[in-house]
Amino acid sequence: MSIQDLVNSRTRAIAVVVLAMGGDLFACALARLLIKGEEGRRILPAVRMLETGNYIVPQVGSNPYYRKPPLINWLVAASFGTFGVAQ
């Protein structure tokens, strides 16, 4: 084994460790994100759609929510249903 091979293998090992640490830091930063402002208003009708099975009229609590078109609510509900977040 030559010196160049040792340098290459050491460089690869360092790169793997740095990438793994970077991935861990990125995952921790994502876990800290808070739901702010508009996001909560997008989640509530989607969760209600999954609870009631009514995908036509978005609702917040028991009140109809007509302020925004329902497409985003449908997409959020589909995502929650697919990944098992709410049910």
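Residues numbered from 1 in each chain as written. Predicted model: local features only at pLDDT ≥ 70, side-chain atom pairs only at ≥ 80, totals over all residues. Heavy atoms only, no water.

Colleague: Please give an account of the overall build of the chain that cites residues and values.
Modeller: Helix and strand counts for the chain stand at three helices and two strands. Taken from N to C terminus, the helices and strands of the chain fall in the order α-α-β-β-α. Burial statistics for the chain: of 87 residues in total, 15% are counted as buried. For the chain, the proportion of contacts with a sequence separation of at least 24, taken over those separated by at least 6, is 47%. As presented, the chain carries roughly 7,000 Å² of accessible surface, and 66% of it is formed by carbon and sulfur atoms. (Helix = DSSP H or I, 4+ residues; strand = E, 2+ residues; numbered from the N terminus. Buried < 20%, exposed > 50% of the residue type's maximum accessible area, 1.4 Å probe, protein only. Contact = heavy atoms within 4.5 Å. Areas by Shrake-Rupley, 256 points an atom, 1.4 Å probe, with all protein chains shown as cover.)

Colleague: Help me get a handle on the pattern of salt bridges, residues and values and all.
Modeller: If you walk through the whole model with that rule in mind, you get one salt bridge. Arg48 is the partner of Glu51 in a salt bridge, and the nearest nitrogen-oxygen pair spans 3.5 Å. Of this pair, Glu51 and Arg48 both sit in helix H2 (residues 38-52), three residues apart, which is roughly one turn of the helix. On the basis of relative accessibility, which here comes to 56%, the residue Glu51 falls in the exposed class. Assessed through its relative accessible area of 25%, Arg48 is described here as partly exposed. (Salt bridge = Lys/Arg side-chain N within 4 Å of Asp/Glu carboxyl O.)

Colleague: Which residues make up the nonpolar core, and what values go with them?
Modeller: One finds Ala46, Met49, Leu50, Val76, Ala77 and Phe80 forming the largest nonpolar core, which totals six residues. Elements represented by at least two residues in this core include exactly H2 and helix H3 (71-83). (Core = buried A, V, L, I, M, F, W, Y, C linked by side-chain atoms within 4.5 Å.)

Colleague: An account of the side chain of Asn73 is needed here, citing residue identities and associated values.
Modeller: Considering the arrangement of structural elements, one finds Asn73 in helix H3. Owing to a relative accessible area of 0%, Asn73 belongs among the buried residues under this scheme.

Colleague: Describe in detail the side chain of Gln59, supporting the description with residues and values.
Modeller: Within the secondary structure, Gln59 sits in strand S1 (residues 59-60). A polar contact of 3.4 Å, which involves the side chain of Gln59, links it to the side chain of Arg48. Among all residues touching Gln59, those that are not within four sequence positions of it are Leu44, Pro45, Arg48, Thr52, Asn54, Pro64 and Tyr65. (Polar contact = N/O pair within 3.5 Å; in protein donor to acceptor, adjacent residues only side chain to side chain.)

Colleague: I'd like a description of a nonpolar patch on the surface, backed by residues and values.
Modeller: A cluster of nonpolar residues, Tyr55, Leu71, Ile72, Trp74 and Leu75, forms a patch on the protein surface that exposes about 480 Å² of accessible area. Examined against the element boundaries, Ile72 turns out to sit in helix H3. (Patch = residues over 30% accessible without salt bridge, like charges linked within 9 Å, V, L, I, M, F, W, Y side chains within 5 Å.)

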